[in-house]
Amino acid sequence: MKFNANTNLLVGSLLCGTILVAALLGAFWTPFDPMTPDFAHRLHAPDTTYWLGTDEFGRDTFSRILYGATTSVGISFMTVLIAMVAGTMLGLIAGYMRGWVDRLMMCFTDALLAFPGMLLALGLLAVVGANKYGIVVALGIAYLPSVLRLVRGTVLPLREREFVHASRIMGNSEMFILFRHILPNCFGPMMVLATSMFGWVLLAESSLSFLGLGVPPPAPTWGNMLAGSRPFMMQAGWLGIFPGLCISMTLLGINLLGDALQDKLDPYSKGK
Amino acid sequence: MFRFICARVAMSIPTLLIVGVTVFMLIRLIPGDPAALMLGDMADPASLQELRQQLGLDRSLPQQLVIWFGNVLRGDLGVSISTGESVTSLVLQRFTISAPIVLCAVLFASLVAVPAGMIAAWRQNKLSDTVLVSTATLLLSVPTFWLGLLFLLFFGLHLGWLPVVGYVSPLEDWRGGLLYLIMPITTLFLHEIGVILRMARASTLDVLRLDYVTHARAKGLSDRVVLWRHTFKNAFGPTWTLIGLVLGNLLGGVAVVETVFTIPGLGRLLVDAIFARDYPVIQGCLLFIALIYVLVNLLVDLCYPIFDPRVTVS
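Please read these numbers as outputs of a predicted model, since none were measured by experiment. (Residues numbered from 1 in each chain as written. Chains lettered and ligands numbered in written order. Predicted model: local features only at pLDDT ≥ 70, side-chain atom pairs only at ≥ 80, totals over all residues. Heavy atoms only, no water.)

### Looking at the overall build of chain B
No. 1: Looking only at helices and strands, chain B has 13 helices and zero strands in total.
No. 2: Secondary structure elements of chain B, listed N to C terminal, follow the sequence α-α-α-α-α-α-α-α-α-α-α-α-α.
No. 3: Per-residue burial over chain B gives 47% buried out of 314 residues.
No. 4: Looking at chain B alone, contacts between residues at least 24 apart form 73% of all its contacts between residues at least 6 apart.
No. 5: A total of about 15200 Å² of accessible surface is found on chain B, and carbon and sulfur atoms cover 67% of it.
No. 6: One way to put it: in chain B the 21 positive side-chain charges average out to a point 15 Å from where the 19 negative ones average out. (Helix = DSSP H or I, 4+ residues; strand = E, 2+ residues; numbered from the N terminus. Buried < 20%, exposed > 50% of the residue type's maximum accessible area, 1.4 Å probe, protein only. Contact = heavy atoms within 4.5 Å. Areas by Shrake-Rupley, 256 points an atom, 1.4 Å probe, with all protein chains shown as cover. Lys, Arg positive; Asp, Glu negative; His and termini not counted. Charge placed at Lys NZ, Arg CZ, Asp CG, Glu CD.)

### Things to note about the overall build of chain A
No. 1: Across its full length, chain A carries nine helices and zero strands.
No. 2: Order of helices (α) and strands (β) in chain A, N terminus to C terminus: α-α-α-α-α-α-α-α-α.
No. 3: Across its three principal axes, chain A shows a C-alpha extent of roughly 75 × 50 × 30 Å.
No. 4: Counting every position in chain A, which comprises 272 residues, the buried fraction comes to 51%.
No. 5: Charge separation in chain A, taken as the distance between the mean sites of 17 positive and 15 negative side-chain charges, equals 10 Å.

### Details of the packing of helix α1 (residues 2-28) of chain B against helix α13 (residues 279-303) of chain B
All names here are of chain B.
No. 1: Closest axis-to-axis distance for the α1/α13 pair is 10 Å, and the angle between their directions is 165 degrees. Compared by their axis directions, α1 and α13 come out roughly antiparallel. For the pair α1 and α13, the crossing hand works out as right-handed.
No. 2: Each residue belonging to the contact of α1 with α13 can be placed in one class, and the counts come to 17 nonpolar, five polar and three charged. (Axes fitted to C-alpha atoms, helices over the stretch in contact; angles between N-to-C directions. Parallel < 35°, antiparallel > 145°, perpendicular 65-115°, else oblique. Left-handed = near helix turned anticlockwise from the far one by under 90°. Nonpolar A, V, L, I, M, F, W, Y, C, P; charged D, E, K, R; others polar.)

### Some points on the packing of helix α4 (residues 117-128) of chain A against helix α7 (residues 174-211) of chain A
Helices that pack against each other are described as a pair by the angle of their axes relative to one another and the distance between those axes.
Residue and element names in this part refer to chain A.
No. 1: One way to put it is that α4 packs onto α7 with a least axis distance of 11 Å and a crossing angle of 55 degrees. Regarding the angle of α4 to α7, the classification is oblique. By crossing handedness, the relation of α4 to α7 is classed as right-handed. When α4 is examined against α7, the residues M118, L122 and L125 are found in contact with a partner set consisting of S207, L208 and L211.

### Here's the deal with the side chain of T109 of chain A
No. 1: Structurally, T109 of chain A can be placed in helix α3 (residues 99-113).
No. 2: Setting aside anything within four residues of it in sequence, one finds T109 of chain A in contact with P145, L148 and R149 of chain A.

### Considering the interface of chain A and chain B
No. 1: Listed per partner, the contact involves 45 residues of chain A and 52 residues of chain B.
No. 2: Between chain A and chain B, roughly 4200 Å² of surface is buried when both sides are summed, and carbon and sulfur atoms account for 75% of that area.
No. 3: Scanning the region where chain A abuts chain B turns up one salt bridge.
No. 4: Across the salt bridge formed by R198 of chain B and D259 of chain A, the nearest N and O atoms sit 2.9 Å from each other.
No. 5: Our count for the chain A to chain B interface comes out at eight residue pairs in polar contact (both at pLDDT 80 or more).
No. 6: Breaking the side of chain A that touches chain B down by element, the ones donating at least two residues are α3, α4, α7, α8 (222-229) and α9 (237-265) of chain A. (Buried area = accessible area lost by both parts, 1.4 Å probe. Salt bridge = Lys/Arg side-chain N within 4 Å of Asp/Glu carboxyl O. Polar contact = N/O pair within 3.5 Å; in protein donor to acceptor, adjacent residues only side chain to side chain.)

### Here we look at helix α10 (residues 223-253) of chain B
No. 1: For α10 of chain B, which comprises 31 residues, the first-to-last C-alpha distance of 39 Å sits more than 12% below the rise-based estimate of 45 Å (1.5 Å per residue).
No. 2: Along α10 of chain B, the largest kink reaches about 60 degrees and is centred on F232 of chain B. (Expected span 1.5 Å × (residues − 1). Bend = angle between axes of the 7 residues up to and from the residue.)

### Some points on the confidence of the model for chain B
No. 1: When pLDDT is averaged across chain B, the result is 86; 97% of the residues are at 70 or more.
No. 2: This prediction of the complex comes with two scores: 0.88 for pTM and 0.85 for ipTM. (pLDDT = per-residue confidence, 0-100.)

### Brief notes about the nonpolar core
No. 1: Judged by nonpolar contacts, the single largest core of 152 residues is most densely connected at I182 and W222 of chain A together with I282 of chain B.
No. 2: Tallying contributions element by element places helix α5 (residues 87-122) of chain B first for this core, with 17 residues.
No. 3: Sequence-distant contacts of I282 of chain B, defined by excluding residues within four places in its chain, comprise A126 of chain A together with I27, L270, A273 and I274 of chain B.
No. 4: Counting residues in hydrophobic clusters, the runner-up holds six residues, among them A94, V101, M105 and M106 of chain A. (Core = buried A, V, L, I, M, F, W, Y, C linked by side-chain atoms within 4.5 Å.)

### Section: the pattern of salt bridges
Pairs may arise between side chains of opposite charge once their charged atoms sit close together.
All names here are of chain A.
No. 1: Within the structure shown, the criterion is met by 10 salt bridges over all chains.
No. 2: Notably, a salt bridge pairs R98 with D102, separated by 3.2 Å at the nearest N-O pair.
No. 3: The partner of D110 in a salt bridge is R149, and the shortest N-O contact between them spans 2.6 Å. One end of the pair, D110, is in helix α3; the other, R149, is in helix α5 (residues 132-158), with 39 residues separating them in the sequence.

### Some details on the packing of aromatic side chains
Given two aromatic rings, their pairing is described by the distance between the two centres and the angle made by the two planes.
No. 1: On inspection of all chains with the given rule, the structure shows 11 aromatic pairs over all chains.
No. 2: Geometrically, the ring pair formed by F210 of chain A and F145 of chain B is stacked, given 4.9 Å between the ring centres and 20 degrees between the ring planes. Residue F210 of chain A is located in helix α7, and its partner F145 of chain B is located in helix α7 (residues 144-158); the two belong to separate chains.
No. 3: The class for F210 of chain A is buried, based on a relative accessible area of 4%.
No. 4: Site record: aromatic cluster; members linked through ring pairs are F151, F154, F155 and W161 of chain B.
No. 5: One cation-aromatic arrangement involves R159 of chain A over Y96 of chain A; the distance from NZ or CZ to the ring centre is 6.0 Å. (Phe/Tyr/Trp six-rings, centres within 6.5 Å; stacked < 30°, edge-to-face > 60°. Lys NZ or Arg CZ within 6 Å of the ring centre and 35° of its normal.)

### Some words on helix α8 (residues 174-208) of chain B
No. 1: The first and last C-alpha atoms of α8 of chain B sit only 45 Å apart over 35 residues, clearly below the 51 Å expected at 1.5 Å per residue.
No. 2: At L181 of chain B, α8 of chain B is bent by approximately 35 degrees, the largest bend along its length, and proline P184 of chain B sits one to four residues beyond.

### Examining the state of the cysteines
A disulfide bridge is the covalent bond that connects two cysteines by way of their sulfur atoms.
All names here are of chain A.
No. 1: Within the structure shown, the criterion is met by zero disulfides over all chains.
No. 2: Summary of cysteine pairing: C16 is not part of a disulfide, and the nearest cysteine sulfur, belonging to C246, is at 13 Å.
No. 3: Residue classification places C16 among the buried positions, given a relative accessible area of 15%. (Disulfide = S-S within 2.5 Å.)

Right, dumping it as structure tokens:
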């Protein structure tokens, strides 16, 4: 049996695509209001009306999962975007300018990388405040050093290449060289990193929401839905099962997609 | 060898300094007056001033840094705002609860995942490889807090085999205490298998590609000898480094599992301190966990020559 990059790519894209559709759908439409309580239907088991049951306030779990997808995917997307854009800018500058700018930035990334990722996020959350924007800022800063390092590492050998010298001799400005010649060459490794980072951030966001440090109730995220399900696990097992299943499927999709991308870029990993 | 050890220990000193300064600055970055944040809006100016003086906030930043570092070096991490206990003893006491859980989980996971990863690499693209890698990717994708909840639901509530809520120290009642530890350790163990197995497989694949492995096989050596005598030592290096990182990362993220199983560990202490805005405790936890992270990585690097003596030369 061959389990190659194409299988990974197919399953990964399917899973990620489903979650993206759910997140987009949740932004515009849910079968029921995800936040308004309906005490007549508390802890209703899954049936044809409430596909995934209802919670202790009678809110439809399926609607909350859709809405939670919008929140969780939105936060992860914002965070990755911030870390990628800021990290790429700083990495380009550090790798291309070298000198004291480079040393200063390496000192800064060393300081952040000396902490385990989740610990740094917790510490930054204590500073910026535990809420939706706090999470984006804290995780964005926590994951910025890995982007900076990657981009800098890619730029260092590139700046010595002939096409860069040629472009400079032609009279092009440094800015033009940086964005027109060097940046496009960083896109490959950046895509692989951004894919895995999306998974790390989604997991970190869910963990923080689970701890109660993320998006506050009543707005649903997959993490705080799981945290809220704990007192009702005996009567309503579905409350603890479906949000976790969504997180796992998303992460599985991203991991498979990441593996597939890595395989495409690494000539050795194709089956012998 | 001696020079290698000295150089590596010396290298970790600047890292520790950076960690110290970062933790110190992080707490000072909080917008507004920390004293006002801690005491709330209703505090009178006299008690605000008293707290500022107690925290040393009335001095200049460099002065504060020097005093703080002096205290830290003497093992004094300050006093908790909410309980008045010494942060050092609080952190150490909670650490003795978290450390065994994390250590056992990583130890067991390594014992299973390293051989499994090597076998997967050896059987690349065969059925056993596919099964092992898919299992690892699946385990990696299940968040620990959900796996923990599922365990609670099934083994705790449904079958009633294991206690659901609470914690008993194994030192007081070893049999009861161990029962409470089974589910948290298993949860982390299963997750880390995924991480370590994939790394062990990847680094083994890198080594299997080398000419000396082909040569060993061409000589007619058996698969077992080539894999365990020739490949293992070279392939284990990167995995060994990863195990160190996993250990430190797990300690930083253990709060999640401690919350699921209501264990009063170090991670829970940090999260509760964030809720309570108990800044000395936050600072103490951050510093202590980062210190352990640096020390674990140092220890891992110092053991590295056992598998790969080449690193002592460079």
